[in-house]
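Structural overview for review
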Amino acid sequence: MDARNPKTRDNGARNDPAGAARDTDVLVVGAGPTGLLLAGDLAEAGLGVTLLERRPGKISNLTRALAVHARTLEQLDARGLADELVAGGHPLGSLRLFGGAYLDASRLRSRFPFVLITPQFEVERLLERRARRAGVTFRYESEVLGLDQDAEGVTVRFRTPEGLGSLRAAYAVGTDGVRSAVREAIGLPFPGKSVIRSLVLADVRLAQEPDSPFTVNATGEAFALIGSFGDGWYRVIGWNRRHQAGDDAPVDLDEVREITRLALGSDYGMHDARWISRFHSDERQVPEYRVGRVFLAGDAAHVHSPAGGQGMNTGLQDAANLSWKLAAVLRGHVPGSLLDSYQTERHPVGRAVLRSSGALVRIALLHSAPGRLARILAARLLERLRPVSGRAIRTVSGIGIAYPAGPRAHRLAGHRAPDVRLADGSRLYEVLRQGRFVLITPSDEPGDIRPADDRTVTVHWHSSRRTAVLVRPDGYVAWATDATTPAERARALRTALVH
């Protein structure tokens, strides 16, 4: 079967025909944050997971992401990782964008009403530790060469320093970045364009500490961002309209200093650069996140401008959406058609991130007199109109993301479940650490309406609320009902878990 043939849609975990035994349940390609979270989730669900990574087996600190948003922190909280990450980072109550515009994260109704400034490698460190403890098999220095899929599974071919190899699994997921070998192997296009060229990036030390661990400004002629790693090193990203060069053009610290002075008014005495590079930023998205038994997530599926710091966050939320669905199908709880909802739910989110981040960077780089005036007016609009600014921060933070629900669905269905307090004193996201559905029922009812299997944990509202709500393992409402009797709720719940 050709790699792009999406023939199989309904297979759970079972052995392949003779001669095609599976080596693992799921192959994940790419050990960045997206792949690590996905692999850890699947392994904690009791599945066999092998993670292939092209680079050597160490976490690089030469990464671009610095911001972790509130919804991502909630997902990490549901895995018991958020508090440790927050303790080592810099929480910011607001995110500066352009022309004096700020997004006020302190208004978010979340346990994490801030933007956490912390380097990507800290996120990777926690996720890798969790994945190893859960039993994920890591295979570094493994370069994917291609794959084949048929009605029963996927075979991935790769090269290591020792030679060629292959592994077979029920499903494969490409989380291997912008230059995804998995995306190429399944023949998916990556349409889009470059939104900004000749960005420079450097890790430096500073003689003068900025006022904030995350400092950014744009003048129309130049743009610069300085973010703290928390250990004396700073990440600098900048752009100069009057100096555009290709990615392979040389770049030195003097150029980085000049851009920073143009945009921020100071270079803060930067020195001792340990890494300098030049790159460009694209806006691209694949048309399909699933081809048969192969899925794409993170930068392999979508890439956009760094404005708003949404890249790593969007990929982690892709993984959280896909992992519980793969686990449910492979354990035989639901039909394979559930996996189609990954495309339905996450592709529109990726498209929305492309639009919002693209709008931010275009506004920031306006340089004509009318453009500068538009940037000032947009900043004042965000500052003065609370509904507009509230919607903007909910969008950028991920808190406002909701998934499609049927026309007759309850008003809560598809929406993020807030971290409510429960009758026993625990929080919802503490209970979600079990990796199961959570059914929240009125406090005066016995916990006897759960299904016969162990897919659901039943808890009670701390309040006098009468609604029953079923929360998915990724923290979104699967089903809710205002039915007044336990028997009615039980019938509705059984229907919801099957579909």
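Everything quoted here is computed from the prediction, not taken from an experiment. As a convention, each chain's residues are numbered from 1 in the sequence order in which they are written. Under the rules for a predicted model, residues below a pLDDT of 70 receive no local features and side-chain atom pairs below 80 are neither given nor counted, while totals for whole chains, interfaces and linings still include all residues. Just so you know, side-chain values use all the structure's heavy atoms and leave hydrogens and water out.

1. Considering the overall build of the chain
Secondary structure counts use DSSP, requiring at least four H or I residues in a row for a helix and at least two E residues in a row for a strand, with both numbered from the N terminus. Secondary structure summary: the chain contains 12 helices and 23 strands in total. Burial statistics for the chain: of 499 residues in total, 56% are counted as buried. Note that accessible areas follow from Shrake-Rupley with a 1.4 Å probe, and for residues the cover is restricted to the protein chains shown. Counting every atom, the chain has about 20900 Å² of accessible surface; 50% of that belongs to carbon and sulfur. Accessibility here uses a 1.4 Å probe with only protein chains present; expressed as a share of the type maximum, an area under 20% marks a residue as buried, one over 50% as exposed, and anything in between as partly exposed.

2. Some details on helix 1 (residues 33–44)
Take the residue count of a helix, subtract one, and multiply by 1.5 Å to get its expected span. Here helix 1 contains 12 residues, and its C-alpha end-to-end distance of 16 Å stays within 8% of the 16 Å for a straight helix at 1.5 Å per residue. Listed in full, the buried residues belonging to helix 1 are Pro 33, Thr 34, Gly 35, Leu 36, Leu 37, Leu 38, Ala 39, Gly 40, Asp 41, Leu 42 and Ala 43. Within two residues after helix 1, Gly 46 carries a phi angle of roughly 90°, on the positive side.

3. Here's the deal with the sheet that holds strand 14 (residues 222–228)
Two strands are counted as paired when DSSP detects at least two bridges linking them. Read from one edge to the other, the open sheet built from six strands follows the order 13-14-15-12-16-19, with strand pairing classed as antiparallel. A strand with exactly one partner marks an edge of an open sheet, and here the two such strands are strand 13 (214–218) and strand 19 (302–303). Relative to strand 16 (residues 271–285), strand 12 (residues 192–205) runs antiparallel, the two being bridged by 10 bridges. Looking at strand 16, one finds that Lys 193 is bridged to Glu 283. Contact definition: two residues touch when any of their heavy atoms are within 4.5 Å. Note on geometry: axes are lines fitted to C-alpha atoms, helical ones only across the stretch in contact, with angles between N-to-C directions running from 0 to 180 degrees. Each of strand 12, strand 13, strand 14, strand 15 (234–240) and strand 16 is contacted by helix 6 (residues 253–264), which is oriented at about 105° to strand 14, the strand it contacts most.

4. Focus: the side chain of Thr 260
Of note, Thr 260 is situated in helix 6. Take Thr 260: its relative accessible area is 0%, and that puts it in the buried class. The residues touching Thr 260, leaving out its near neighbours within four places in the chain, are Ala 224, Ile 226, Val 236, Gly 265, Ser 266, Asp 267, Tyr 268 and Met 270.

5. What about the sheet that holds strand 7 (residues 115–117)?
Spatially, three strands are ordered 3-7-4 in an open sheet, and the strand pairing comes out antiparallel. Strands with a single pairing partner mark the edges of an open sheet, and in this sheet they are strand 3 (67–68) and strand 4 (90–92).

6. Quick look at the pattern of salt bridges
Salt bridge criterion: a side-chain nitrogen from Lys or Arg within 4 Å of a carboxyl oxygen from Asp or Glu. Applying the stated criterion across every chain yields a total of 33 salt bridges. In this structure, the salt-bridge partner of Arg 290 is Asp 340, at a minimum N-O distance of 2.7 Å. Here Arg 290, found in strand 17 (residues 290–291), pairs with Asp 340, found in helix 8 (residues 340–364); they are 50 residues apart in sequence, far enough to count as distant. For Arg 290, a relative accessible area of 5% puts it in the buried group. For Asp 340, a relative accessible area of 29% translates into the label partly exposed.

7. With respect to the packing of helix 2 (residues 70–77) against helix 7 (residues 311–330)
Their axes nearest at 9 Å, the elements helix 2 and helix 7 cross at an angle of 40°. Put simply, helix 2 runs oblique to helix 7. For the pair helix 2 and helix 7, the sense of crossing is left-handed. Facing Arg 71, Thr 72 and Gln 75 of helix 2, the residues of helix 7 in contact are Asn 313, Leu 316, Gln 317 and Ala 320. Looking at side-chain class alone, the contact of helix 2 with helix 7 contains two nonpolar, four polar and one charged residues. Throughout, the term roughly parallel applies to angles under 35 degrees, roughly antiparallel to angles over 145, roughly perpendicular to angles from 65 to 115, and oblique to all others. Handedness of each helix crossing follows the sense of rotation of the near helix against the far helix: counterclockwise by less than a right angle gives left-handed, clockwise gives right-handed. We call Asp, Glu, Lys and Arg charged. Ala, Val, Leu, Ile, Met, Phe, Trp, Tyr, Cys and Pro are nonpolar, and the rest, Gly among them, are polar.

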